[in-house]
Amino acid sequence: LLHHYLAIAEAFAELKPTICYSIKSLSNVNILKLLAQSGCSFDVTSGGELARALFAGGDASKIVFAGVGKTDRELTDALAAGIGVFNIESEAEFENLSRLAAQTGAKPHAALRLNPDVYDPNTHTYTATGKKETKFGVDIERAERFFDTYGADENVVLDGIHLHIGSPIYSADPYVEAITKTLTLIERLKEKGFEVKTLDIGGGFAADYETGASPVAADYAK
């Protein structure tokens, strides 16, 4: 685990990224402590995972809360902890976060999950999450309308975009396509006065189950 974290951290170092370990993949607290001590941050999808991340010594300001179906209690606890970013899947979720933020006096940062309509043919159909017809996030046209509606919200700072196109992705090409599409959207949003400060490129790098079958971290980073 440390080998893979450090390989990714080294490969992407030029961008000074925040690298988050997805706790849903393995939530053992001692593993989380080891990663936190090495400078890794965390991606959580529930209140329980958030509690584990904080208990393990994770920096709350660099924690990303992703996933669908976040409850009011989970959101309120995350607001109180001062986490870095809430990944938002829909208009209804944003409105609910804004309501809770107003009640608590917090002003969180949010990233809209964008579905860039990108597909890697080597990805299993059940784990491809970047096609236009998949249930996650919003498409590019809807994303622009989303910022028009919520980009100046008084309770939540909408200044990020989140991508997750699937897993495993055996080539950097789908990431390049997704990011290129997103940068075009970011420029259009900038022309309207909306500044996107954070781009979460997601995960899904392929594990090397067969020697030499998947790129190494440096290949993706390049």
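Check the entry above for the structure.
Everything quoted here is computed from the prediction, not taken from an experiment.

### Focus: the packing of aromatic side chains
As enumerated under the stated definition, the model contains nine aromatic pairs in all. On the basis of an interplanar angle of 75° and a centroid distance of 5.3 Å, the ring pair of Y175 and F205 is categorised as edge-to-face. With Y175 in helix α7 (residues 173–191) and F205 in the loop between β7 (198–200) and α8 (217–221), this residue pair connects regions lying 30 residues apart in the sequence. Here Y175 falls in the buried class, since its relative accessible area comes to 7%. By relative accessible area, F205 is classed as partly exposed at 26%. Centroid distance Y175 to Y220: 5.8 Å. Interplanar angle 90°. Geometry classified as edge-to-face. Taken together, the residues span a long stretch of sequence, with Y175 in helix α7 and Y220 in helix α8 at a distance of 45 residues. Across this residue pair, the class does not change: Y175 and Y220 are buried. Site record: aromatic cluster; members linked through ring pairs are F12, Y175, F205 and Y220.

### A look at the pattern of salt bridges
A full pass over the atoms with the stated rule returns nine salt bridges. Between D148 and K192 there is a salt bridge, with the nearest N and O atoms lying 3.1 Å from each other. Taken together, the positions of D148 in helix α6 (residues 140–150) and K192 in the loop between α7 and β7 put the pair 44 residues apart, joining distant regions of the chain. Linked by salt bridges that have partners in common, E144, D148, R188 and K192 make up one network.

### Brief notes about the pairing of strand β4 (residues 85–88)
Judged by which residues are buried, β4 turns out to be covered on both faces: V85 and N87 on one side and F86 and I88 on the other are all buried. Bridge analysis of strand β3 (residues 64–65) against β4 gives two bridges, and the strand direction is parallel. Within β4, the residue paired with V64 across the bridge is V85. Viewed along the sheet, the connection from β3 through helix α4 (residues 72–81) into β4 turns out right-handed. Alignment of β4 against strand β5 (residues 109–113), held across three bridges, turns out to be parallel. In the strand pairing of β5, I88 is matched with L112.

### Re the environment of S46
Looking at the secondary structure, you find S46 in the loop between β2 (41–44) and α3 (47–55). Taking C-alpha positions, S46 is 7.9 Å from G67, a pair spaced 21 residues apart along the chain. Here S46 is in contact with F65 and E74, once residues within four sequence places are set aside.

### Some thoughts on the pairing of strand β6 (residues 157–162)
Taken across its six residues, β6 has five buried, putting it largely inside the fold. With five bridges joining them, β5 and β6 adopt parallel strand pairing. The residue bridging R113 from the neighbouring strand is H162, located in β6. Strand direction decides the pairing type here: β6 and β7, joined by three bridges, are parallel. Paired with H162 across the bridge in β7 is D200. In this fold, the crossover linking β6 to β7 by way of α7 has right-handed handedness.

Conventions used here
- Starting from 1, residues in each chain are numbered consecutively following that chain's sequence as written.
- The model is predicted, so local features are restricted to residues of pLDDT at least 70 and side-chain atom pairs to those at 80 or more, both for listing and for counting; the totals for chains, interfaces and linings are taken over all residues.
- Calculated side-chain values reflect all of the structure's heavy atoms, with hydrogen atoms and water omitted.
- Any pair of Phe, Tyr and Trp rings, taking the six-membered ring for Trp, is counted once the centres come within 6.5 Å. Such a pair is stacked with planes under 30 degrees apart, edge-to-face with planes over 60 apart, and tilted for the rest.
- Each helix corresponds to a stretch of at least 4 residues labelled H or I by DSSP, and each strand to a stretch of at least 2 residues labelled E; elements are numbered beginning at the N terminus.
- Working definition: with a 1.4 Å probe on protein chains only, accessible area under 20% of the residue-type maximum means buried, over 50% means exposed, and in between means partly exposed.
- By definition, a salt bridge exists where a carboxyl oxygen of Asp or Glu is found within 4 Å of a side-chain nitrogen of Lys or Arg.
- The pairing criterion for strands is at least two bridges between them, as found by DSSP.
- By the criterion used throughout, a crossover qualifies as right-handed when its path from the first strand across the helix to the second strand runs clockwise, the strands pointing away from the viewer.
- Residue contacts are counted whenever heavy atoms from the two residues lie within 4.5 Å of one another.

Everything listed here is a matter of coordinates, which is why it stays silent on function.
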